[in-house]
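# A closer look at the structure
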Amino acid sequence: MSDKENYFWVKKGQHTTRIGLTKEAQAALGDVKYVELPDLNSEIKKGESSGEIEAQKAVVELESPVDGKIVKVNDKLNDNPELLNGSQKDAWFFEVNN
């Protein structure tokens, strides 16, 4: 597998920063079957595991590329993890406060 630092994109907004899955990661992992998301209001540190991604080709830790407090999670992934195989608009995990 390639360097996991390229697996996650970071989009800083006015109040929150959104973390998602890159196209490169989608290609490396294959179809996502399950995702474990961090708990709302939990504190995460850059480089620490904040969940897990189970996919066709691999199981990888969801290593946060940022520090922060989880203020929003993509609840749709619980029932539809395949959204992570789609567009950047849908392929996001969580948001932290800025």
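Let us now look at the overall build of the protein. The helix and strand inventory of the protein stands at two helices and eight strands. Tracing the protein from N to C terminus, the helices and strands come up as β-β-α-β-β-β-β-β-α-β. Taken against the 2.2 N^0.38 rule, which gives 13 Å for 98 residues, the C-alpha radius of gyration of the protein at 12 Å falls within 12% of a compact globule. In terms of overall dimensions, the protein has C-alpha extents of about 35 × 25 × 20 Å along its principal axes. Within the protein, the proportion of its 98 residues that are buried is 40%. Once local pairs closer than 6 in sequence are excluded, the contacts in the protein between residues at least 24 apart make up 58%. Summing over all exposed atoms, the protein offers an accessible surface of approximately 5,600 Å²; the carbon and sulfur share of this is 44%.

With that settled, the discussion passes to the nonpolar core. With 24 residues, the main nonpolar core has Phe8, Leu21, Leu29, Ile53, Leu84, Phe93 and Phe94 as its most contacted residues. Among the elements of the structure, strand E2 (16–21), helix H1 (23–29), strand E3 (32–36), strand E5 (49–55), strand E6 (59–63), strand E7 (68–73) and strand E8 (92–97) are those that each provide at least two residues to this core. Sort the elements by how many residues they give to this core and E8 lands first, with three residues. Look past the residues within four positions of isoleucine 53 in its chain and what remains in contact with it is Phe8, Leu21, Leu29, Val32, Tyr34, Val35, Ala58, Val59, Val60, Leu62 and Phe93.

To continue, consider the pairing of strand E1 (residues 8–12). Here five bridges tie E1 to E2, and the two strands are oriented antiparallel to one another. In the sheet register, tryptophan 9 faces E2, and the bridge partner there is glycine 20. Connecting E1 to the antiparallel partner E2 that follows it, the hairpin turn spans three residues.

Before going further, it helps to spend a moment on the pairing of E8. When you tally the buried positions in E8, you get five out of six residues, the bulk of the element. In this sheet, E8 lies alongside E2 in antiparallel orientation, the contact comprising five bridges. When the bridges of E8 are listed, glycine 20 appears paired with tryptophan 92.

What follows is about the pattern of salt bridges. If the charged atoms of two oppositely charged side chains come close together, the side chains can form a pair. The full count for this structure, using the stated rule, is two salt bridges. Where arginine 18 meets glutamate 95, a salt bridge forms, and the shortest distance between an N and an O atom there is 2.7 Å. Residue arginine 18 is located in strand E2, and its partner glutamate 95 is located in strand E8; the two are separated by 77 residues in the primary sequence. A salt bridge links aspartate 90 to lysine 89; the shortest N-O distance between them is 3.5 Å.

The rules behind the values
Residues numbered from 1 in each chain as written. Predicted model: local features only at pLDDT ≥ 70, side-chain atom pairs only at ≥ 80, totals over all residues. Heavy atoms only, no water. Helix = DSSP H or I, 4+ residues; strand = E, 2+ residues; numbered from the N terminus. Rg over C-alpha atoms; globule rule 2.2 N^0.38 Å. Buried < 20%, exposed > 50% of the residue type's maximum accessible area, 1.4 Å probe, protein only. Contact = heavy atoms within 4.5 Å. Areas by Shrake-Rupley, 256 points an atom, 1.4 Å probe, with all protein chains shown as cover. Core = buried A, V, L, I, M, F, W, Y, C linked by side-chain atoms within 4.5 Å. Pairing = 2+ DSSP bridges. Salt bridge = Lys/Arg side-chain N within 4 Å of Asp/Glu carboxyl O.

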